[in-house]
Amino acid sequence: SSPFDAERPLALPPNTSLERFKDFMRQIGDIVGSENATVISSDAELQHESYMDPSKAYDMYHITTKEYLVSSAVVAPRNVPEVQAIVRLCNDFEIPLWPFSIGRNVGYGGAAPRVTGSVGLDMGRNMKKILEVNTEGAYAFVEPGVTFIDLHDYLVEHNLREKLWIDVPDLGGGSVIGNTVERGVGYTPYGDHWMMHCGMEVVLPDGSLWRSGMGGLPNPNADPNAPPHEQKPNDTWGLFNYGFGPYNDGIFTQSSLGIVVKMGIWLMVNPGGYQSYLITFPKDDNLHAALEIIRPLRVGMVLQNVPTMRHILLDAAVMGDRKSYTNSDKPLTDDELDAIATKLNLGRWNFYGAVYGPKPIRDVILQVIKGAFLQVPGAKYFEPEDMPDNLVLQTRHNTLQGIPSTTELKWVDWLPNGAHLFFSPIAKVSGDDGVAQYEVTRTRCEEAGFDFIGTFVVGMREMHHIVCIVFNRKDPSSRKRAHWLIRTLIDDAAERGWGEYRTHLSVMDQIAGTYSFNDHAQMRLNEKIKEALDPKGIISPGKNGIWPKGYKKEDWAI
Ligand code: ADP
């Protein structure tokens, strides 16, 4: 008998009888211990509502019914051999696994699986060591459960922040590995997390263990009798990404090909000085001019970090809910938006950036930045000292130097029972493109009865345009409109040649379908690789629209 015998999951894995599932769970219990496995057997498990206490089994921000995208069980391995044993067991039983690290992938599905009844693999609960912080090489190696807050706290506690900074996303509670493999971004010069990763250890779908790049070369001082995951890695693993031969790291991002158990991430050397700033633009149509100014400065690296151009409502929503600004239930008009901007002493668009380095360097760079942006009529420049009550500027001041927070959670409460989806197309850094995306997305948001809330996140040569679709998760009409909106925007965007960089579980198939060049050459290659590495389709079936052979995609349409 096993502690799981009496429990019936809300959703069984596909093609799996209750008896077989019980047999599976008995063996899972033998691997991880019964305290590290939970069968998701009742609605009581589906009551999580807060980022601070996120669900490990379903999507708190569901747009379908909450039972639809739910795991049959959640299993938390304690070490790499247990991960390998679980993967092998899943192959034997042909039961799909959905790995996640923390489950705070909010706006994109959280910890929920794409295939109902998959077994959630909670990598973060027990495997959360900071394995190394290398000050000379300026990198760290972490396990899946290490959050940005953990890594930052570690630097502070070990008096290392004078030497090294991390880069953080808007919310610091997610894991370094989860965010990086999803190709998430932050806002310092190291904002492209994937660009800054170096060194991965991955459990492959057959249960074997792989190290990327220079990790393929044994360290002569390693103990060859130690199990592979414990062998001292090559000294250059965290220093050089590419190693020798094909560079495979990328196939483990937004991927269903492996479970990342260790990863290296480059840290930024403390630049020896820092100044954050805000530049406000009073008019909606200043966006065009501002983006034209950003492009040469960013490509030319005068703008050293990943700055953001935020719509007024994103800032307003951090500082108050919708009710605090209006009684209207219609999307806010331009006049109302102007009034909110005036009230908050902000622009219709607000640009948050920072300069890095000793004072003489900062002064010169800031002179160029001000000289360029302040040519826009009405544009104003502020530093955090100028606006002690501006919660967004005070928070960005920390975020842009890699100090994590959770303040930006607040905009989700714009509506009662607030939940959100992100619609995230890539845009050229150009006035024409940015304004066109703003117009198309704002018009559709308003058609769906929502306010436009969004931001342009400026990468090296493009912008991640993040449209925050805030809806009321307890109102079926609101959920339905949000779903309609994102589906419609994906098609609107594809017609214009715009594609998304990442998405929620519910629309992965649709977006994958838009990347259709040459009879879906990308998907055909993805499917071949999937078939070669994971013939039974054990890991994350359906993720990013890639379905294993044994699945009929139509059966899983949302
Ligand atoms: P966060 O750490 O930000 O909370 P999640 O844990 O929700 O992020 O992970 C987001 C997504 O990233 C998961 O759905 C999964 O596809 C992928 N992922 C996260 N951790 C791992 C991992 N250790 N191995 C493989 N994929 C992972």
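Before reading further, recall that the structure is shown in the block above.
Model, not experiment: these values are computed from the prediction. (Residues numbered from 1 in each chain as written. Predicted model: local features only at pLDDT ≥ 70, side-chain atom pairs only at ≥ 80, totals over all residues. Heavy atoms only, no water.)

Among the eight residues in strand β14 (residues 349-356), eight count as buried, and that is most of the element. Taking every second residue as pointing to the same face, both faces of β14 are buried, with Trp349, Phe351, Gly353 and Val355 on one and Asn350, Tyr352, Ala354 and Tyr356 on the other. In the sheet, strand β13 (residues 308-311) pairs with β14 via four bridges, with the strands oriented antiparallel. Each residue of the ladder has a partner; that of threonine 308, found in β14, is tyrosine 352. (Buried < 20%, exposed > 50% of the residue type's maximum accessible area, 1.4 Å probe, protein only. Helix = DSSP H or I, 4+ residues; strand = E, 2+ residues; numbered from the N terminus. Pairing = 2+ DSSP bridges.)

Take the sheet that holds strand β4 (residues 119-122) next. With mixed pairing, four strands are arranged side by side in an open sheet as β1-β2-β4-β3. Of all strands in the sheet, those bounded by a partner on one side alone are β1 (37-39) and β3 (97-100). Going from strand to strand, the sheet's axes swing by 20° on average, the running direction of each strand aside. Taken together, the four bridges between β3 and β4 define a ladder with parallel strand orientation. (Axes fitted to C-alpha atoms, helices over the stretch in contact; angles between N-to-C directions.)

The next subject is helix α5 (residues 286-299). Relative to the 20 Å expected for 14 residues at 1.5 Å per residue, α5 spans 21 Å between its end C-alpha atoms, a close match to the ideal helical length. Taken together, the buried positions of α5 are occupied by Asn286, Leu287, Ala290, Leu291, Ile293, Ile294, Leu297 and Arg298. The arc that holds the buried residues of α5, viewed along the axis, is 165°, so those residues lie on one side. Taken from the residues just after α5, methionine 301 is the one with a positive phi, measuring 65°. (Expected span 1.5 Å × (residues − 1). Arc of directions from axis to C-beta.)

Counting across every chain of the model gives 23 aromatic pairs. Ring centres 6.3 Å apart and planes at 45° place the aromatic pair tyrosine 277 and phenylalanine 351 in the tilted group. In this pair, tyrosine 277 sits in strand β12 (residues 274-281) while phenylalanine 351 sits in strand β14, placing the two residues 74 residues apart along the sequence. Comparing tyrosine 277 with phenylalanine 351 shows no difference in burial state: the two are buried. (Phe/Tyr/Trp six-rings, centres within 6.5 Å; stacked < 30°, edge-to-face > 60°.)

Take the packing of α5 against helix α10 (residues 431-447) next. The interhelical angle for the contact between α5 and α10, taken along N-to-C directions, is 140°, at an axis separation of 8 Å. Classed by the angle they form, the pair α5 and α10 counts as oblique. Where α5 crosses over α10, the handedness of that crossing is right-handed. Each of Leu287, His288, Leu291 and Glu292 in α5 lies in contact with α10, whose residues at this interface are Gly431, Asp432, Gly434, Val435 and Tyr438. (Parallel < 35°, antiparallel > 145°, perpendicular 65-115°, else oblique. Left-handed = near helix turned anticlockwise from the far one by under 90°. Contact = heavy atoms within 4.5 Å.)

What follows deals with the sheet that holds strand β10 (residues 259-266). Spatially, five strands are ordered β5-β6-β10-β8-β9 in an open sheet, and the strand pairing comes out antiparallel. The open sheet terminates on both sides in strands that have one partner only, identified here as β5 (130-134) and β9 (209-211). Within this sheet the neighbouring strands show an average axis-to-axis angle of 10°, counted without direction. The pairing of β5 with strand β6 (residues 139-142) spans four bridges and is classified as antiparallel. Bridge pairing links isoleucine 130 to valine 142 in β6. This element, helix α3 (residues 148-157), spans β5, β6 and β10 of the sheet and lies at about 50° to β5.

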